[in-house]
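Per-entry structural report
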Amino acid sequence: MRLLSTKATCNSHGQDSLYFQGWQEYEKNPYDEVRNPKGIIQMGLAENQLSFDLLESWLAKNPDVAGFKRDGKSIFRELALFQDYHGLPSFKQALVDFMADIRGNKVTFNPNHIVLTAGATSANETLMFCLVEQGEAFLLPTPYYPGFDRDLKWRTGVEIVPIQCTSSNNFQITEPALRQAYEEARKRNLRVKGVLVTNPSNPLGTTMSRSELKLLVDFIKEQNDMHLISDEIYSGTVFSSPGFVSVMEILRERNDADGVWNRVHVVYSLSKDLGLPGFRVGAIYSENDTVVAAATKMSSFGLVSSQTQYLLSAMLGDKKFTRNYIVENRKRLRRRQRMLVSGLQKGGISCLESNAGLFCWVDMRHLLHSNTFEAEMELWMKIVHQVGLNISPGSSCHCAEPGWFRVCFANMSEETLALAMKRLKAFVAESTCTQRSAALFNGTSKRKSLTKWVFRLSSRDHREQEER
Amino acid sequence: MNMLSRKASQGCHGQDSSYFLGWQEYDKNPYHPIQNSTGIIQMGLAENQLSFDLLKSWLRRNPDIVGLKNDGVSVFRELALFQDYHGLPALKNELVDFMAKIRGNGIKFAPEKLVLAAGATPANEILMFCLADPGEAFILPTPYYPGFDRDLKWRTGVEIVPMHCSSSNGFRITSCALEQAYQQAQKLHLNVKGVLITNPSNPLGITMTKTELNDLVDFAIDKNIHIISDEIYSGTVFNSPRFISIMEVVNERISVNNTTSIWNRIHIVYSLSKDLGVPGFRVGMIYSNNETVVAAATKMSSFGLVSSQTQYLVANLLKDKKFTFKYMEETHRRLKRRKEMLVSGLRNAGIRCLKSNAGLFCWVDMRHLLSSATFEAEKELWKRILCQVGLNISPGSSCHCCEPGWFRVCFANMSEDTLKVAMRRMKAFTDSNISAVNDGNKRVHC
């Protein structure tokens with residue numbers, strides 16, 4: 001008899017992929033300005049490290065909050081005992097207000113329809129458990145966040161069917177692509193329960209257009225058991241036009257939204273906007289009472305610490321602070337993105353034009369020696385080992401076209417970013433020179449070393465990185 | 001066509017509505033010594049509210065910690081970014097020390113075998129996902145914590161096969177009962193993957209004996225199955241006999257027999273919700289000797305990590321060994337005192353309890369107050385106690401007890417004065433009850 005469950009022994013948590021090797025290389029040799037200036041620079045981590053000073057100064061001005069005090073009185077006891085899965089009311093109110101502010105107050109949210117979860121990871125999995133049976137499927141536009149392969153599928157038994165997007169139209173979702181994905185699911189005998197999009201997109205860094213959103217809402221209207229999940233975790237990182245349009249805004253504009261109101265759900269988190277992934281604050285928003293009720297009970301499996309709920313209820317409740325934070329954070333992100341884009345340009349590398357996120361979707365197709373994913377992996381390894389940059393290859397995001405990479409810009413200092421750009425420029429210059437000698441290169445031995453490398457590394461347990 | 005999943009619909013209807021009546025009634029009419037002295041007293045909540053003063057005074061002495069500082073330097077940034085599912089090393093080191101201390105330092109725990117999760121609730125669910133496939137089963141001795149019906153089964157598809165314990169032997173686990181439960185599972189074509197025990201027991205409030213633990217280990221070896229020991233109440237043992245963990249018993253076996261395979265099938269669940277009384281902070285964990293389980297559970301903990309802000313606080317709290325030592329000693333003293341208050345209060349009302357040495361509740365014998373030895377009569381009695389006496393206690397049927405008439409009554413989630421009021425009410429009830437057990441005129445207005 002099998003000792004452990006199938007889930008424990010399979011690898012559908014997706015962490016044995018070649019892709020995680022880059023992480024290990026980084027960890028063995030991490031860049032440090034002083035101690036290891038030749039080390040690998042981490043550009044695969046979608047963290048927002050640009051605005052901690054603002055948060056820290058707020059904390060310094062409000063020491064009582066972290067100290068479990070309210071109006072000078074200790075509420076430690078109440079918080080220590082507070083494990084109500086309905087969540088701290090003051091926190092939910094502050095959170096929905098913040099979410100509305102991010103959307104320019106064009107949408108408002110009812111705090112009774114918010115379910116708090118320990119991060120968006122938990123929120124997304126919970127929605128799968130609520131909406132989908134084992135063996136059914138959700139459609140996801142590619143490229144998408146690699147973590148979804150684990151978060152949506154692993155313990156739920158749900159399948160993902162990709163909606164292939166391409167550079168021909170800047171990776172926007174088209175109706176033919178949507179239909180094709182639906183057809184593919186049908187051929188595989190998978191019942192499609194809906195579509196999940198990340199808006200703004202990870203890894204593209206772009207906000208979805210109104211027409212894409214309308215297309216999706218129209219699509220789920222066709223069948224009365226299909227849902228639309230909009231993971232809006234990056235909604236607060238939109239730093240230039242076009243602005244952010246949430247799917248909720250589209251619904252509010254339509255007269256025919258009646259049929260779909262209760263099948264559209266939003267996921268949010270404070271991990272990207274506020275840069276607080278360690279605090280595990282996520283949320284599901286849904287107008288569907290049954291979903292809210294079930295998700296609320298399921299949140300027992302990943303509640304937000306009451307200590308953290310209280311701290312953030314005070315911080316987000318400080319409207320003067322949050323409004324300033326949102327504006328300043330956007331400014332800093334925009335500046336950083338421009339640094340990355342121009343730095344890449346100097347190296348003859350272009351990016352998808354983006355207006356959001358903590359990363360750029362970088363076009364290195366011209367650096368591939370063939371239009372294949374093998375060539376993409378080779379290029380990626382070179383960039384990790386020779387250039388010393390850990391970036392994310394598009395294949396890890398299930399991109400349909402080889403040669404695209406996600407490069408983060410908000411998780412390091414300006415100096416480090418500048419250095420990364422210098423290194424890349426040097427690499428490109430060198431590659432251009434040696435491209436002519438590529439024909440002389442022994443392709444066979446290259447493949448052998450790739451295989452050896454794979455076996456050596458894939459036998460080890462990998463530390464996961466939150467690649468989001 | 002179903003718009004939502006079956007799980008979503010189950011979750012909304014799977015509750016025993018009468019059990020939740022107790023909660024509703026309490027919420028509508030909660031006792032307050034001054035503002036509502038005739039309200040319902042909550043005795044169904046297994047919370048440890050006895051030692052907050054100690055924690056608060058520690059916090060006052062350590063303002064830097066809550067301020068997210070280390071030696072005056074802010075660690076906010078590092079904590080804000082820390083989402084490594086391996087957990088804060090400092091916290092895991094402190095937790096294994098703390099766990100060892102609770103077990104009299106007779107066992108050493110290794111931090112790399114510890115997996116943190118947002119409470120014992122996700123810890124238990126994760127273990128189900130790791131050890132059993134949908135449709136497989138775990139044996140649980142009754143009576144057991146009602147939450148297990150959801151935590152272990154709901155999203156995992158795992159079945160629970162109850163192993164019935166009775167008052168005839170103090171609700172102890174026996175080899176015979178284990179075997180019976182196993183046979184029952186076979187009849188139902190259920191593949192048993194293991195046994196889950198809560199030790200100390202909820203709702204019994206007793207620690208398991210070495211004999212019970214050895215019988216359990218023998219059984220698990222024989223059937224080649226796992227043992228999960230939920231030791232969430234291990235820090236609430238306030239009286240002898242001392243707490244013996246499953247780990248201690250298995251360690252003994254190994255040094256004697258050199259049988260190592262059972263070693264790989266022992267898993268402990270723990271949490272700070274009961275010992276430290278901080279259920280809101282969501283600090284739970286799995287301890288396992290099985291590397292594959294640790295690896296899989298670590299990844300699964302992504303779905304419920306402990307807030308780094310809280311990890312930092314707790315790591316520092318536990319690091320203060322002088323404090324934790326005094327805290328545990330004092331908490332045990334207070335729990336013992338409270339339990340004795342409850343036991344003598346009930347005795348005064350002619351009601352006996354199972355002799356207990358742990359937990360935040362007593363397992364109370366009200367069989368003699370039943371109009372008949374049936375669960376209907378138990379429900380009636382429960383309702384009368386809720387509505388006439390004004391005490392929300394937990395009926396044994398909600399814990400799947402096979403004998404009607406037992407109730408779990410909590411003693412650590414209220415003030416001493418409130419407990420005294422509850423005992424007075426109980427006495428008044430039983431005094432009048434003696435003369436009017438079947439008085440149909442006593443209407444229940446709830």
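Scroll up for the structure.
To keep things clear, this report deals only with the structure shown in the data block. (Residues numbered from 1 in each chain as written. Chains lettered and ligands numbered in written order. Predicted model: local features only at pLDDT ≥ 70, side-chain atom pairs only at ≥ 80, totals over all residues. Heavy atoms only, no water.)

**Focus on the overall build of chain A**
- Within chain A, the regular secondary structure consists of 17 helices and 15 strands.
- Looking at the 468 residues of chain A, the share that counts as buried comes to 61%.
- Considering only residue pairs separated by 6 or more positions, chain A has 76% of its internal contacts joining residues 24 or more positions apart.
- Accessible surface for chain A amounts to roughly 17,500 Å². Of this, 50% is attributable to carbon and sulfur atoms. (Helix = DSSP H or I, 4+ residues; strand = E, 2+ residues; numbered from the N terminus. Buried < 20%, exposed > 50% of the residue type's maximum accessible area, 1.4 Å probe, protein only. Contact = heavy atoms within 4.5 Å. Areas by Shrake-Rupley, 256 points an atom, 1.4 Å probe, with all protein chains shown as cover.)

**Focus on the overall build of chain B**
- Check the secondary structure of chain B and you find 16 helices and 15 strands.
- Taking 446 residues into account, the globule formula puts the C-alpha radius of gyration at 22 Å, and chain B, at 22 Å, falls close to it.
- Here chain B holds 446 residues, and the buried ones make up 63% of them.
- Nonlocal contacts in chain B, meaning residues at least 24 apart in sequence, comprise 74% of its contacts between residues at least 6 apart.
- Counting 51 positive and 42 negative side-chain charges, chain B places the averaged centre of each group 4 Å from the other. (Rg over C-alpha atoms; globule rule 2.2 N^0.38 Å. Lys, Arg positive; Asp, Glu negative; His and termini not counted. Charge placed at Lys NZ, Arg CZ, Asp CG, Glu CD.)

**As for the nonpolar core**
- One finds Leu95 and Leu270 of chain A to be the most contacted residues of the largest nonpolar core, which totals 166 residues.
- With residues up to four places along the chain from it excluded, the contact list for Leu95 of chain A reads Ile114, Leu116, Tyr268, Leu270, Ala283 and Leu316 of chain A. (Core = buried A, V, L, I, M, F, W, Y, C linked by side-chain atoms within 4.5 Å.)

**Considerations on the packing of helix α13 (residues 306-317) of chain A against helix α14 (residues 319-346) of chain A**
Residue and element names in this part refer to chain A.
- One can describe the packing of α13 onto α14 by two numbers: an axis separation of 5 Å at closest approach and a directional angle of 80°. Relative to α14, α13 is oriented roughly perpendicular. Of α14, the residues touching α13 (which contributes Met315, Leu316 and Gly317) are Lys319, Phe321 and Thr322.
- Residue composition of the contact of α13 with α14, grouped by class: three nonpolar, two polar and one charged. (Axes fitted to C-alpha atoms, helices over the stretch in contact; angles between N-to-C directions. Parallel < 35°, antiparallel > 145°, perpendicular 65-115°, else oblique. Nonpolar A, V, L, I, M, F, W, Y, C, P; charged D, E, K, R; others polar.)

**Observations concerning the environment of Leu45 of chain B**
Residue and element names in this part refer to chain B.
- In this fold, Leu45 is placed in the loop between β1 (41-42) and α3 (52-61).
- Considering only alpha carbons, one finds Leu45 and Arg408, 363 residues apart in sequence, at a separation of 9.7 Å.
- Once residues lying within four places of it in the same chain are set aside, the contact partners of Leu45 are Trp23, Arg408, Cys410 and Asn413.

**Description of the sheet that holds strand β4 (residues 114-117) of chain B**
Residues and elements named next belong to chain B.
- Read from one edge of the open sheet, seven strands run β4-β10-β9-β8-β7-β5-β6, paired in mixed fashion. Edge strands, defined here as strands with exactly one partner in the open sheet, are β4 and β6 (159-164). Taken pair by pair, the neighbouring strands of this sheet meet at an average axis angle of 25°, ignoring direction.
- In terms of strand pairing, strand β9 (residues 266-271) meets strand β10 (residues 284-288) through five bridges, oriented antiparallel. By the bridge assignment for β10, Val269 is matched with Ile286. (Pairing = 2+ DSSP bridges.)

**Some thoughts on the packing of α13 of chain A against helix α13 (residues 308-319) of chain B**
- Between α13 of chain A and α13 of chain B, the shortest axis-to-axis distance is 8 Å and the interhelical angle comes to 120°. Comparing their axes, α13 of chain B and α13 of chain A come out oblique. In terms of crossing hand, the pair formed by α13 of chain A and α13 of chain B is right-handed. Each of Gln307, Thr308 and Leu311 of chain A in α13 of chain A lies in contact with α13 of chain B, whose residues at this interface are Gln309, Thr310 and Leu313 of chain B. (Left-handed = near helix turned anticlockwise from the far one by under 90°.)

**Concerning a positive patch on the surface**
- Taken together, the side chains of Lys69 of chain A together with Arg60, Arg61, Lys322 and Lys326 of chain B present a region of like positive charge at the surface.
- Elements that contribute at least two residues to the positive patch include exactly α3 and α14 (321-348) of chain B.
- Within the fold, Lys69 of chain A resides in strand β2 (residues 69-70).
- Classification of Lys69 of chain A as partly exposed rests on a relative accessible area of 33%. (Patch = residues over 30% accessible without salt bridge, like charges linked within 9 Å, V, L, I, M, F, W, Y side chains within 5 Å. Salt bridge = Lys/Arg side-chain N within 4 Å of Asp/Glu carboxyl O.)

**What about the pattern of salt bridges?**
- For the structure on display, the rule yields 49 salt bridges over all chains.
- Linking Glu249 of chain A and Lys106 of chain A is a salt bridge whose minimum nitrogen-to-oxygen distance equals 3.9 Å. With Glu249 of chain A in helix α11 (residues 247-253) and Lys106 of chain A in the loop between α6 (89-102) and β4 (114-117), the pair connects residues that are 143 residues apart, well separated along the chain.
- With a shortest N-O distance of 3.0 Å, Arg188 of chain A and Glu184 of chain A are connected by a salt bridge.
- Within this structure, Arg2 of chain A together with Asp133, Glu136 and Lys193 of chain B form a network of salt bridges that share partners.

**A short note on the interface of chain B and chain A**
- Taken together, the 76 residues of chain B in the interface contact 78 residues of chain A.
- Across the contact surface, chain B and chain A share four salt bridges.
- Between Glu125 of chain B and Arg155 of chain A there is a salt bridge, with its nearest N and O atoms 4.0 Å apart.
- At the junction of chain B and chain A, the tally comes to 26 residue pairs in polar contact (both at pLDDT 80 or more).
- Mapped by element, the contributors of at least two residues to the side of chain B that touches chain A are α1 (6-13), α3, α5 (76-81), α7 (120-131), α8 (148-151), β7 (192-198), α12 (291-300) and α13 of chain B.
- Considering each element in turn, the side of chain B that touches chain A owes the most residues, seven residues, to α7 of chain B.
- Of the residues assigned to the side of chain B that touches chain A, the class counts are 37 nonpolar, 22 polar and 17 charged. (Polar contact = N/O pair within 3.5 Å; in protein donor to acceptor, adjacent residues only side chain to side chain.)

**Details of unusual backbone geometry**
- In this chain, Asn199 of chain B is followed by Pro200 of chain B through a cis amide linkage whose omega measures 0°.
- Its location among the elements puts Pro200 of chain B in the loop between β7 and α10 (210-223).
- Geometrically, the link from Asn202 of chain B to Pro203 of chain B is a cis peptide bond, its omega value of 15° lying close to zero.
- Mapped onto the elements, Pro203 of chain B comes out in the loop between β7 and α10.
- Positive phi, close to 55°, is recorded for Asn105 of chain A, a residue that is not glycine.
- Given a relative accessible area of 45%, Asn105 of chain A falls into the partly exposed group.

**Structural notes on the environment of Ala118 of chain A**
- Along the polypeptide, Ala118 of chain A turns up in the loop between β4 and α7 (120-131).
- Here the alpha-carbon distance between Ala118 of chain A and Arg336 of chain A, two residues 218 residues apart in the chain, equals 29 Å.
- For Ala118 of chain A, the residues in contact, after removing those within four places along its chain, are Arg280, Gly282, Gly302, Leu303 and Val304 of chain A together with Gly304 and Leu305 of chain B.

**Looking at the pairing of β7 of chain B**
Residue and element names in this part refer to chain B.
- For β7, the buried fraction is high: seven of the seven residues fall into the buried class.
- The pairing of strand β5 (residues 137-142) with β7 spans three bridges and is parallel. Bridge pairing links Phe138 to Gly194 in β7.
- As defined by bridge partners, β7 adjoins strand β8 (residues 226-230) across five bridges and the pair is classed as parallel. Opposite Leu196, over in β8, you have Ile228 as the bridge partner.
- Where the polypeptide runs from β7 across α10 and back to β8, its parallel neighbour, the crossover connection is right-handed. (Right-handed = clockwise from strand over helix to strand, strands pointing away.)

**Here's the deal with the sheet that holds strand β14 (residues 394-395) of chain B**
All names here are of chain B.
- Strand order in the open sheet formed by four strands is β11-β12-β15-β14, and the pairing between neighbours is antiparallel. The open sheet terminates on both sides in strands that have one partner only, identified here as β11 (352-353) and β14.
- Sheet strands in contact with α14 are β11, β12 (361-365) and β15 (406-410), and its direction is about 15° off that of β12.
- Relative to the sheet, helix α15 (residues 375-389) contacts β14 and β15, its axis offset from that of β15 by approximately 30°.

**A word on the pairing of strand β10 (residues 282-286) of chain A**
All names here are of chain A.
- By the criterion of burial, β10 is predominantly enclosed, with five of the five residues buried.
- Taking every second residue as pointing to the same face, both faces of β10 are buried, with Gly282, Ile284 and Ser286 on one and Ala283 and Tyr285 on the other.
- The pairing of β4 with β10 spans four bridges and is antiparallel. When the sheet's bridge partners are listed, Val115 is paired in β10 with Ile284.
- Two elements, strand β9 (residues 264-269) and β10, share five bridges in a ladder whose sense is antiparallel. From the neighbouring strand, Val267 faces β10, where its bridge partner is Ile284.

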